[in-house]
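One-letter residues, chain by chain:
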Amino acid sequence: MEPTTTEDIAEIRRSVAALCDRFGNEYWRELDRERKYPSDFVNAMTQSGFLGVLVPEAYGGVGQGLVVAANILEEVHACGANAAAIHAQMYTMGTLLRHGSAAQKEMWLPKIATGEIRLQAFGVTEPAAGTDTTSIRTTAERRGETYVINGQKVWTSRAEHSDLMILLARTTRKEDVVRRSEGLSVFLVDMKKALGNGMTIKPIRAMINHSTTEVFFDDLEIPADCLIGEEGRGFRYILDGMNAERILIAAECIGDATWFTRKSTNYANERVVFGRPIGKNQGVQFPIARAHAEAAAARLMVYQAAHLFDAGEPCAAEANMAKLLASEASWKAADTCLQTHGGFGFAEEYDVERKFRETRLYQVAPISTNLILSYIGEHVLGMPRSY
């Protein structure tokens, strides 16, 4: 892999922007209205090589790191599009790349790089456990050369549009381990084989168009070689995916903030009330300026975290802080944009209300703001556990 220069990244972003121009606002409005999956957009991103950005060149991918992936997703959102249909393939890749067997990589990575196979489903969250991941109840019982899966996942987005799932399940009961994080294992599930043979997918209609679902496992049998890494060490493996997820979602938030601030600025300059542009009023101008400054500061943390991840350095604190700061910056920019537009901000044709709903998610997922603050308090600052 050749080092990526600033100009390389700028060229990549120009290419992403040009692709997004082919899928304008009306495309996203219609999908949002009908709750449809953006298949044409996903196919275009795949064919352009953007979804294979993290796959090593030896397997037919681009062979870049999280910094490049973050720039791609940031630009998608800055263009007014939404990367929810594609980002999981990037953030789940770390678990497979770092901990998958040679055979697993040989079998799947070339097909993922070409787009023949999609790795878009991340089966971790459960109804009873929520973000208390070590309390999940889905089990995987070893029986000879197979594992038998039973349980349920929720908020598993893109399950209906993915060929593979990274699945976290308990292989040892929580009561039988010394540490809560022990006894969890990660599996790479062939969803096409599983569907109808012990796995059922139920769509959830939600506030935003994320193609999210519940997934039920009822004595699903999968080959033992679907296990990623060592049995019982899956929680550590899944953290690679979680840190990457938080960094990439944070990059999307920065893109959203950029879109909202551009939209606010343009409207404030063009909208004339009482014989003057509303942007001439400090009450309108200053919140937009503050939103811009806060997003610029958050962006520094996002890319610091991404650089650490690419270097193989510990980055949990930075990934969490990046997600916290970027999600709050995008929400501030969204609220400011809606306020700037007044009543027109609620009209579908302005796209503000759609993006407003989309960026609100990131105060809650993939990890809530309060849990990030508790992590910082305990693990960064050394204060007592607060929950």
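Described below are features of the structure shown in this document. Keep in mind that what you see is a predicted model, and the values were worked out from it rather than measured.

This part is about the pairing of strand 2 (residues 139-143). As defined by bridge partners, strand 2 adjoins strand 3 (residues 146-154) across five bridges and the pair is classed as antiparallel. Paired with Ala 140 across the strands is Ile 149, a residue of strand 3. As consecutive antiparallel partners, strand 2 and strand 3 are separated by two residues, and within that stretch Gly 144 has a phi angle of approximately 65 degrees, a positive value.

Among the residues of helix 2 (residues 25-34), those classed as buried are Tyr 27, Trp 28, Arg 29, Leu 31 and Asp 32. Just past helix 2, the residue Arg 35 takes up positive phi, approximately 55 degrees.

What follows covers the side chain of Glu 252. Within the secondary structure layout, Glu 252 lies in helix 9 (residues 234-270). Put simply, Glu 252 is tucked away with no salt bridge, and the nearest opposite charge, on Arg 158, sits 8.2 Å away. Within the structure, the side chain of Glu 252 is placed 3.2 Å from the side chain of His 77, a separation counted as a polar contact.

Turning our attention to the pattern of salt bridges. Inspection of the entire model under this criterion finds 25 salt bridges. Between Arg 357 and Glu 353 there is a salt bridge, with its nearest N and O atoms 3.1 Å apart. Of this pair, Arg 357 and Glu 353 both sit in helix 12 (residues 352-360), four residues apart, which is roughly one turn of the helix. For the pair shown, Arg 357 and Glu 353 are each scored as buried. Among the charged side chains, a network of salt bridges with common partners joins Glu 26, Arg 29, Arg 33, Asp 256, Glu 348, Asp 351, Arg 354, Lys 355 and Glu 358.

This next bit is on a nonpolar patch on the surface. On the surface, Val 380, Leu 381 and Met 383 cluster together into a nonpolar patch covering about 290 Å² of accessible area. The topology assignment puts Met 383 in the segment after helix 13 (369-380).

A large share of strand 1 (residues 119-123) lies buried, amounting to five of its five residues. Sheet topology places strand 1 next to strand 4 (residues 164-170); four bridges connect them, and they run parallel. The partner of Leu 119 across the bridge, within strand 4, is Leu 164.

Bringing the packing of aromatic side chains into the picture now. Counting across every chain of the model gives 10 aromatic pairs. Taking 5.1 Å as the distance between ring centres and 75 degrees as the angle between the ring planes, the aromatic pair formed by Trp 28 and Phe 41 counts as edge-to-face. Taken together, the positions of Trp 28 in helix 2 and Phe 41 in helix 3 (residues 39-47) put the pair 13 residues apart, joining distant regions of the chain. According to the relative accessible area criterion, Phe 41 is buried, its value standing at 0%. By way of ring pairs, the aromatic residues Phe 23, Tyr 27, Trp 28 and Phe 41 are connected into one cluster. Seen from the ring of Phe 309, Arg 98 lies directly overhead, with NZ or CZ sitting 4.2 Å from the centre. Here Arg 360 stacks its cationic end above the ring of Trp 331, 5.3 Å away from the centre of that ring.

All right, on to unusual backbone geometry then. At the junction of Ala 365 and Pro 366, the peptide bond is cis and its omega measures out at 5 degrees in the coordinates. Topologically, Pro 366 is positioned in the loop between helix 12 and helix 13. With a phi close to 55 degrees, Phe 274 is a non-glycine residue in the positive phi region. Position of Phe 274 among the secondary structure elements: in the loop between strand 9 (272-273) and strand 10 (276-277).

Turning our eyes to something else, we now look at the nonpolar core. With 89 residues, the main nonpolar core has Phe 41, Met 45, Met 90 and Ile 112 as its most contacted residues. Considering each element in turn, this core owes the most residues, 15 residues, to helix 9. In this structure Met 90 touches Phe 50, Leu 51, Val 53, Leu 54, Ala 69, Ile 72, Leu 73 and Leu 248, once residues within four positions along its chain are discounted.

The next thing to look at is the packing of helix 1 (residues 6-21) against helix 4 (residues 66-78). One way to put it is that helix 1 packs onto helix 4 with a least axis distance of 9 Å and a crossing angle of 35 degrees. You can see that helix 1 and helix 4 cross each other, and the crossing is right-handed. Of the residues in helix 4, those touching helix 1 at Ile 9, Ile 12, Arg 13, Val 16, Ala 17 and Cys 20 are Val 67, Val 68, Asn 71, Ile 72, Glu 74, Glu 75 and Val 76. In terms of residue class, the contact of helix 1 with helix 4 is built from nine nonpolar, one polar and three charged.

What follows covers the side chain of Gln 363. Summarising the element assignment, Gln 363 is placed in the loop between helix 12 and helix 13. Non-local contacts of Gln 363, meaning those with residues more than four positions away in its chain, are made with Ser 327, Glu 328, Trp 331, Ser 368 and Thr 369.

Glancing now at the state of the cysteines. Per the stated rule, a full pass over the model turns up zero disulfides. Cysteine Cys 79 remains unbridged, with the sulfur of Cys 20 as its closest cysteine sulfur at 4.4 Å. On the accessibility criterion, Cys 79 (26% relative accessible area) is partly exposed. For Cys 315, which is in no disulfide, the shortest distance to another cysteine sulfur is to Cys 253 and amounts to 17 Å. Note on Cys 315: relative accessible area 4%, which makes it buried.

For Lys 111, the position within the fold is in helix 7 (residues 102-114). Lys 111 sits in the partly exposed class, given a relative accessible area of 31%. Each C-alpha atom, one on Lys 111 and one on Gly 61, is 9.7 Å from the other, the two residues being 50 residues apart in sequence. Sequence-distant contacts of Lys 111, defined by excluding residues within four places in its chain, comprise Glu 116 and Ile 117.

Rules used throughout
Residues numbered from 1 in each chain as written. Predicted model: local features only at pLDDT ≥ 70, side-chain atom pairs only at ≥ 80, totals over all residues. Heavy atoms only, no water. Pairing = 2+ DSSP bridges. Helix = DSSP H or I, 4+ residues; strand = E, 2+ residues; numbered from the N terminus. Buried < 20%, exposed > 50% of the residue type's maximum accessible area, 1.4 Å probe, protein only. Lys, Arg positive; Asp, Glu negative; His and termini not counted. Salt bridge = Lys/Arg side-chain N within 4 Å of Asp/Glu carboxyl O. Polar contact = N/O pair within 3.5 Å; in protein donor to acceptor, adjacent residues only side chain to side chain. Patch = residues over 30% accessible without salt bridge, like charges linked within 9 Å, V, L, I, M, F, W, Y side chains within 5 Å. Areas by Shrake-Rupley, 256 points an atom, 1.4 Å probe, with all protein chains shown as cover. Phe/Tyr/Trp six-rings, centres within 6.5 Å; stacked < 30°, edge-to-face > 60°. Lys NZ or Arg CZ within 6 Å of the ring centre and 35° of its normal. Core = buried A, V, L, I, M, F, W, Y, C linked by side-chain atoms within 4.5 Å. Contact = heavy atoms within 4.5 Å. Axes fitted to C-alpha atoms, helices over the stretch in contact; angles between N-to-C directions. Left-handed = near helix turned anticlockwise from the far one by under 90°. Nonpolar A, V, L, I, M, F, W, Y, C, P; charged D, E, K, R; others polar. Disulfide = S-S within 2.5 Å.

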